[in-house]
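Residue strings, one per chain:
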Amino acid sequence: MTTDPPYLRIAGELRRRIVSGELAPGGRLPSTRAIVREWGVAMATATKALSVLRGEGLVRAVPGVGTVVAERAERAERAAPGPGGAGGGPALSRGRIVRTAIELADAEGLPSVSMRRVATILATSTMALYRHVPGKAELVRLMSDEAFAEHPLGAVPHGWRPGLELAARWLRSVYGRHPWLAQAVASFTRPTASPHAMRYTEWVLRVLAGTGLPPRTKLHIHLTLFAHVQGLAMAGELESQARQDTGLSAEEWMERNEPHFDAISASGDYPFLNSLFEHEEFELDLGILFEFGLRRTLDGIAVMIGETSA
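What counts as what
- Residues numbered from 1 in each chain as written.
- Predicted model: local features only at pLDDT ≥ 70, side-chain atom pairs only at ≥ 80, totals over all residues.
- Heavy atoms only, no water.
- Helix = DSSP H or I, 4+ residues; strand = E, 2+ residues; numbered from the N terminus.
- Buried < 20%, exposed > 50% of the residue type's maximum accessible area, 1.4 Å probe, protein only.
- Contact = heavy atoms within 4.5 Å.
- Areas by Shrake-Rupley, 256 points an atom, 1.4 Å probe, with all protein chains shown as cover.
- Axes fitted to C-alpha atoms, helices over the stretch in contact; angles between N-to-C directions.
- Parallel < 35°, antiparallel > 145°, perpendicular 65-115°, else oblique.
- Nonpolar A, V, L, I, M, F, W, Y, C, P; charged D, E, K, R; others polar.
- Lys, Arg positive; Asp, Glu negative; His and termini not counted.
- Salt bridge = Lys/Arg side-chain N within 4 Å of Asp/Glu carboxyl O.
- Core = buried A, V, L, I, M, F, W, Y, C linked by side-chain atoms within 4.5 Å.
- Polar contact = N/O pair within 3.5 Å; in protein donor to acceptor, adjacent residues only side chain to side chain.
- Expected span 1.5 Å × (residues − 1).
- Arc of directions from axis to C-beta.

### Description of the overall build of the protein
Then, in step 1: Secondary structure assignment for the protein yields 15 helices and two strands.
Then, in step 2: For the protein, the residues scored as buried account for 37% of the 310 residues in total.
Then, in step 3: Across the protein, every contact between residues at least 6 apart in sequence was considered, and the portion connecting residues at least 24 apart equals 69%.
Then, in step 4: Total accessible area on the protein is roughly 17,400 Å²; 58% of this is exposed by carbon and sulfur atoms.

Shown next as structure tokens:
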């Protein structure tokens, strides 16, 4: 009697939960870390188990959430054989490697991406990947460039303010689809040589072309807006990672830690901070912070342009 390898047993149990309805469409599957803890297996085994379910069309990656159960119609579509017929998957290529790595990062964050894990998902050897991508650093660069290329900005609108606002919202939407991207392009002093990211910079500088501001100021404006959007995106990514690691939502985490904050506040050392919560409930919403910072930044730029053209 043969015994299935651990990754197939895990995939079978998760498949049972999906088919029985215990895990409903849209429901979140255990992360690879949770599978490692629950079944006592290696990370590669957990990755292979989820890869089996992805290959069957039962699950899909959702940015900032993780791996979730696919909708029934989506499962049927993915299960249908393609033009090449059943059993013959697409050939290994750089594009396929990059897309697989993006899906992994969307589901579990950038730290989860390694050449070995991508190879495991693609059911090939790590050395086979190196024939197409020289290493993780290059893989992350290619992932970032692909993310920036998905939905081009289009034509530059009339007026610097509508242009900068559009640029900031566009960048935020890119980070929304791929939360890991904020970490991938985090360094300003060591920027990534990414053609599509550089097109974004070029687009913003074109918006500022008629403002009369000196070139260095235009670049500083671009970097300031970029940093504002990126900083909030990184905060959102950290929250997603914390939710995956702990299983607690932000509200549940605050409720659990509220006694600690109350004890600190009771010392009387923070009167101005405590006053924020005396008359109304104060909630830190990243969307509200984005709008506040964007408008104040644009107002400041308007003053600079007014001074320059006077």
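### Topic: the packing of helix α5 (residues 94-108) against helix α8 (residues 136-149)
Then, in step 1: Between α5 and α8, the shortest axis-to-axis distance is 9 Å and the interhelical angle comes to 80 degrees. Relative to α8, α5 is oriented roughly perpendicular. Together, R94, I97, V98, A101, I102 and A105 of α5 and L139, L142, M143 and E146 of α8 make up the contact between the two elements.
Then, in step 2: Of the residues belonging to the contact of α5 with α8, the class tally is eight nonpolar, no polar and two charged.

### Focus: the side chain of K218
Then, in step 1: With respect to the helices and strands, the residue K218 is situated in helix α12 (residues 215-246).
Then, in step 2: Despite its burial, K218 remains without a salt bridge, the nearest opposite charge being carried by E202 at 11 Å.
Then, in step 3: Filtering out sequence-adjacent residues up to four positions away, K218 remains in contact with L205, L208, A209, T211 and L213.

### Regarding unusual backbone geometry
Then, in step 1: Positive phi outside glycine occurs at A123, with the angle close to 55 degrees.
Then, in step 2: With respect to the helices, strands and loops of the structure, A123 is situated in the loop between α6 (115-121) and α7 (126-130).
Then, in step 3: The exposure class assigned to A123 is exposed, which follows from its relative accessible area of 72%.

### Focus: the pattern of salt bridges
Then, in step 1: Applying the stated criterion across every chain, the model contains 13 salt bridges.
Then, in step 2: A salt bridge links E291 to R169; the nearest nitrogen and oxygen atoms lie 2.7 Å apart. Of this pair, E291 sits in helix α15 (residues 286-309) while R169 sits in helix α9 (residues 160-177), and the two are 122 residues apart along the sequence.
Then, in step 3: E291 gets classed as partly exposed once you look at its relative accessible area, which sits at 27%.
Then, in step 4: Each member of the salt-bridge network shares a partner with another, and the members are E13, R16, R17, E22 and E38.

### Notes on the nonpolar core
Then, in step 1: Ranked by size, the top nonpolar core spans 52 residues in total, and within it L139, M143 and L164 carry the most contacts.
Then, in step 2: Contributing elements (two or more residues each) for this core: α5, α6, α8, α9, α10 (181-184), α11 (195-207), α12 and α15.
Then, in step 3: Residue contributions to this core peak at eight residues, all from α9.
Then, in step 4: Apart from residues no more than four positions distant in its own chain, M143 is found in contact with V98, A101, I102, A105, L110, V113 and W180.
Then, in step 5: If you look at the next biggest cluster of nonpolar residues, it comprises 16 residues, including L14, A46, A49 and V59.

### Description of the environment of F148
Then, in step 1: The topology assignment puts F148 in helix α8.
Then, in step 2: We classify F148 as buried; its relative accessible area is 3%.
Then, in step 3: Along the sequence, F148 and W170 sit 22 residues apart, while their C-alpha atoms lie 10.0 Å from each other.
Then, in step 4: Apart from residues lying up to four places away in sequence, F148 is in contact with W170, L171, L181, V185, H196 and A197.

### A few points about the side chain of T211
Then, in step 1: Along the chain, T211 falls in the loop between α11 and α12.
Then, in step 2: Exposure remark for T211: the relative accessible area of 8% places this residue in the buried category.
Then, in step 3: At 3.4 Å, the side chain of T211 forms a polar contact with the backbone nitrogen of L213.
Then, in step 4: The residues contacting T211, other than those within four sequence positions of it, are W160, K218 and I305.

### Some thoughts on α11
Then, in step 1: When the terminal C-alpha atoms of α11 are compared, their 19 Å separation across 13 residues agrees well with the 18 Å that a helix rising 1.5 Å per residue should span.
Then, in step 2: When we look at burial in α11, the residues that qualify are A197, Y200, W203, V204 and V207. End-on, the buried residues of α11 take up no more than an arc of 110 degrees, which puts them together on one face. When the buried face of α11 is taken as reference, the exposed residues oriented beyond 90 degrees from it are M198 and R199.

Just geometry here; none of it tells us what the structure is for.
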